[in-house]
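Residues per chain are reported as follows:
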Amino acid sequence: MTIGEEILRRLRTQYRIQAEEYVSLYTHLQSRDPFRVLVATILSQNTTDKAALNALKTLERDVGLTPPAILEAGKRRVEKAIHIAGMYRSKARFILEVSRIVMERYGGDMWNVLKGDAEGVRERLMSMPGVGGKTADVLLATLGIARTVPVDTHVRRVSARLGLVDEGASYETIRKRLEEVFSPDSRHLAHLLLIAHGRNVCRARKPMCRECVLNDLCKYYREIRKNQL
Ligand code: SF4
């Protein structure tokens, strides 16, 4: 068994993935609409998935979740609707810009943005305002277009503590390394389980190492123990 398989085997004994706790996954399962998933993922930047989901629901209720509805509503109304997600001015600008691009260049159909090979689609997405590597990867992994491990703050922290990646490594270095650790079919699940572990046990402050099912595999824990001897 590889280290990636062992990590996933253990984490699966601890967590059941609840879609409502992952705004992009939840939105995908509810709608199968990639434009909505992209908006949800932009809203989730630098905030909790709960706040992002609330903002998404308000945006749907007050504005609508299609590019024409968003463009027609304009900046002020979009800002007001997504206020709860934080950084609402920049997020509103990104959502409006993405809506405009989808309308002007892709005939209003987000699926047209997603045509072609995964790497090309990723680059296309990342050329849009507000869409960095993480947002593009979350969208592509959630839709099943790319088999990758999107690296959010929890994935980064847990992977570094385990010793799978160097602390301070770039987004791309971490993503590539995690693609080596986890098999293609398990990468999206790895992303979700590492987030669950980061939220519940391997927290930023005071990780619960004694209770952690991964502690015998963990570099951070080994170092703590060594320093205590
Ligand atoms: S042992 Fe501690 S630092 Fe290592 S993965 Fe578990 S909670 Fe995180």
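Quick caveat: nothing in here was measured; it's all calculated off a predicted structure.

**Topic: the packing of aromatic side chains**
Alright, step 1. Per the counting criterion, the structure on display carries zero aromatic pairs.
Alright, step 2. The ring of Tyr-22 is capped by Arg-199, whose NZ or CZ atom sits 5.0 Å from the centre of that ring.

**Brief notes about the domain arrangement of the protein chain**
Put simply, an interface is often sized by how much accessible area is lost when its parts join up.
Alright, step 1. Looking at the protein chain, the domain boundaries give domain 1 (3–16 + 149–228) and domain 2 (33–143).
Alright, step 2. Relative to domain 2, the C-alpha centre of domain 1 lies at a distance of 28 Å.
Alright, step 3. The largest contributions to the domain 1 side of the interface with domain 2 come from Pro-150, Tyr-171 and His-188, which together make up 52% of the buried area.
Alright, step 4. Here domain 1 is connected to domain 2 by three salt bridges.
Alright, step 5. The salt bridge involving Asp-49 is made with Arg-199; its shortest N-O contact spans 3.6 Å.
Alright, step 6. The interface formed by domain 1 and domain 2 contains two residue pairs in polar contact (both at pLDDT 80 or more).
Alright, step 7. Elements with a minimum of two residues in the side of domain 1 that touches domain 2: helix H11 (171–181) and helix H12 (187–200).
Alright, step 8. By residue class, the composition of the side of domain 1 that touches domain 2 is three nonpolar, two polar and four charged.

About the cut-offs
In this numbering scheme, every chain counts its residues from 1 along its sequence in written order. Local features in this predicted model are restricted to residues of pLDDT 70 or higher, and side-chain atom pairs are both shown and tallied only at a pLDDT of 80 or more, whereas totals for entire chains, interfaces and linings draw on every residue. Side-chain calculation: all heavy atoms of the structure are included, whereas hydrogens and water are not. The pairing test for Phe, Tyr and Trp rings, Trp by its six-membered ring, is centres within 6.5 Å, and the orientation test on the planes gives stacked under 30 degrees, edge-to-face over 60, and tilted for anything in between. Any Lys NZ or Arg CZ found within 6 Å of a ring centre and within 35 degrees of that ring's normal is scored as a charge over the ring. In this document the domain limits rely on a domain assignment from an automatic tool or a database. Once two parts are joined, some of their accessible surface, as seen by a 1.4 Å probe, is lost; buried area is that loss totalled over both. A pairing counts as a salt bridge when a side-chain nitrogen of Lys or Arg comes within 4 Å of a carboxyl oxygen of Asp or Glu. The definition of a polar contact used here is a pair of N or O atoms within 3.5 Å, where within protein one atom must be able to donate a hydrogen and the other to accept one, and adjacent residues in sequence count solely through side-chain atom pairs. By the criteria applied, helices consist of DSSP H or I runs no shorter than four residues and strands consist of E runs no shorter than two, each listed in order from the N terminus. Residue polarity follows a fixed list, in which Ala, Val, Leu, Ile, Met, Phe, Trp, Tyr, Cys and Pro are nonpolar, Asp, Glu, Lys and Arg are charged, and the others, Gly among them, are polar.

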